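# Overview (structure and organization)
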Amino acid sequence: MSVHKDVKKVTTQTLREMKERGEKIAMLTAYDFSMARILDDAGIDILLVGDSASNVMAGHETTLPITLDQMIYHAASVVRAVKRALITVDLPFGSYQGNSKEALNSTIRIMKESGAHAVKLEGGAEVIESIERILTAGVPVMGHLGLTPQSIYKFGTYTVRAKEEEEADRLKKDALLLQEAGCFALVLEKIPSHLAAEVAASLHIPVIGIGAGAGVDGQVLVMHDLLGITNDFSPRFLRRYLNLYDDIKGAAERYIDDVKRQDFPNKKEQY
Ligand code: KIV
């Protein structure tokens, strides 16, 4: 049941109400105009201009190389397409850590130059000062805990986080800190489902999971994974709704064949 399908524009308040009513929040990543237009038309609640653009759009191994200028380019393309969804943009690696003034400046550039509605950043206690400073400018902030890909070289692997009690306790404390600082929502990535459910139940802000089980307030996936454009990434949490890698390859092969056989263009396809 979708209580909010008829809302004109999704806001942070809409999301809070969805949590209160028990309506799950659907979030996907988007990086370009054409895809964002389709996803918005489908009724997605939140579009995340994720720094996963570094992987799926630019072909980097990690999310670290993407720049603030590149994030703004992707975000502005998404903003031009969207009528309804709340658009949240990842602050890229190096644009906010350890320097709250830089965090605010990076956020102001994103908001002014792209027209997006909110920012997301990774981390707990260590980024609270940055979050508080961004909030002084009236910009909504989404937190991100658990597997935080910008710290991949600290973790060493992309395996499930917070399985041990010590890390789980730290995550619970960080989640509360982020809520108290004023975050409007929180992403939990790749942690045990019982822990994610406990965090979601203990907070009044919406908790959106990726690989965090069914007991949270919403789900997020990377659009390229959901559509099967990526075919070399199959974590347990991923449900593929299409297999576009094969479909697009097949279409390109047919086109190549038609051109080579001089079947395309035919008489009707020319002036
Ligand atoms: O960058 C991204 O796509 C993300 C999601 C995986 C939550 O942060």
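Attention in this report is confined to the structure presented alongside it. (Residues numbered from 1 in each chain as written. Predicted model: local features only at pLDDT ≥ 70, side-chain atom pairs only at ≥ 80, totals over all residues. Heavy atoms only, no water.)

### Notes on the site of the ligand
- The full set of residues close to the ligand is Thr29, Leu48, Gly50, Asp51, Ser52, Asp90, Lys120, His144, Ile210 and Val222.
- Interatomic distance of 2.5 Å between a side-chain N/O atom of serine 52 and an oxygen atom of the ligand.
- Look at the ligand: alone it shows 260 Å² of surface, and the protein chains cover 95% of it.
- Within the shell around the ligand, the residues separate by chemical class into three nonpolar, four polar and three charged. (Near = heavy atom within 4 Å. Polar contact = N/O pair within 3.5 Å; in protein donor to acceptor, adjacent residues only side chain to side chain. Areas by Shrake-Rupley, 256 points an atom, 1.4 Å probe, with all protein chains shown as cover. Nonpolar A, V, L, I, M, F, W, Y, C, P; charged D, E, K, R; others polar.)

### Some details on the pattern of salt bridges
- Under the counting rule described, the total for this entry stands at eleven salt bridges.
- Of the charged contacts, one joins glutamate 113 and arginine 109 as a salt bridge, the two residues approaching to 2.7 Å between their closest N and O atoms. Of this pair, glutamate 113 and arginine 109 both sit in helix H5 (residues 100–114), four residues apart, roughly one helical turn.
- Arginine 109 gets classed as partly exposed once you look at its relative accessible area, which sits at 30%. (Salt bridge = Lys/Arg side-chain N within 4 Å of Asp/Glu carboxyl O. Helix = DSSP H or I, 4+ residues; strand = E, 2+ residues; numbered from the N terminus. Buried < 20%, exposed > 50% of the residue type's maximum accessible area, 1.4 Å probe, protein only.)

### Focus: the pairing of strand S1 (residues 25–29)
- Burial within S1 is extensive, with four of its five residues counted as buried.
- Relative to strand S8 (residues 218–221), S1 runs parallel, the two sharing four bridges. What sits directly across from isoleucine 25, in S8, is glycine 218.
- Looking at chain direction, S1 and strand S2 (residues 46–49) are connected through three bridges and run parallel. In the strand pairing of S2, methionine 27 is matched with isoleucine 46.
- In this fold, the crossover linking S1 to S2 by way of helix H2 (residues 33–42) has right-handed handedness. (Pairing = 2+ DSSP bridges. Right-handed = clockwise from strand over helix to strand, strands pointing away.)

### Focus: the nonpolar core
- In terms of nonpolar packing, the biggest core is built from 60 residues, with Leu47, Leu186 and Leu188 touching the most fellow members.
- Dropping the residues within four chain positions of it, leucine 188 is found in contact with Leu145, Leu171, Ala196, Val199, Val207, Ile208, Gly209, Ile210 and Ala212.
- Membership of the second largest hydrophobic core comes to 16 residues, among which are Leu86, Ala118, Met142 and Ala185. (Core = buried A, V, L, I, M, F, W, Y, C linked by side-chain atoms within 4.5 Å. Contact = heavy atoms within 4.5 Å.)

### Describing the environment of glycine 211
- Assignment of secondary structure puts glycine 211 in the loop between strand S7 (207–210) and S8.
- When the C-alpha atoms of glycine 211 and lysine 190 are compared, they prove to be 4.3 Å apart, with 21 residues separating the residues in sequence.
- Residues contacting glycine 211, with those up to four places away along its chain left out, are Lys190, Ile191 and Phe237.

### As for helix H11 (residues 244–260)
- A rise of 1.5 Å per residue sets the reference length of H11, with its 17 residues, at 24 Å; its end C-alpha atoms lie 24 Å apart and thus fit the reference within 8%.
- Where H11 terminates, the next one or two residues include glutamine 262, which has phi positive at roughly 60°. (Expected span 1.5 Å × (residues − 1).)

### Points about H2
- All of the buried residues along H2 are Ala36, Leu39 and Asp40. The buried residues of H2 occupy one face: seen down the axis, they fall within an arc of 100°. Opposite its buried face, H2 presents the exposed residues Arg37, Ile38, Asp41 and Ala42, each directed more than 90 degrees away.
- Tucked into the core, H2 has its buried residues touching S1, S2, helix H4 (68–79) and helix H10 (223–226).
- If you check the start of H2, you find a side-chain oxygen 3.2 Å away from the backbone N of serine 34, and it comes from aspartate 32.
- Phi turns positive, to about 100°, at glycine 43, one or two residues after H2. (Arc of directions from axis to C-beta.)

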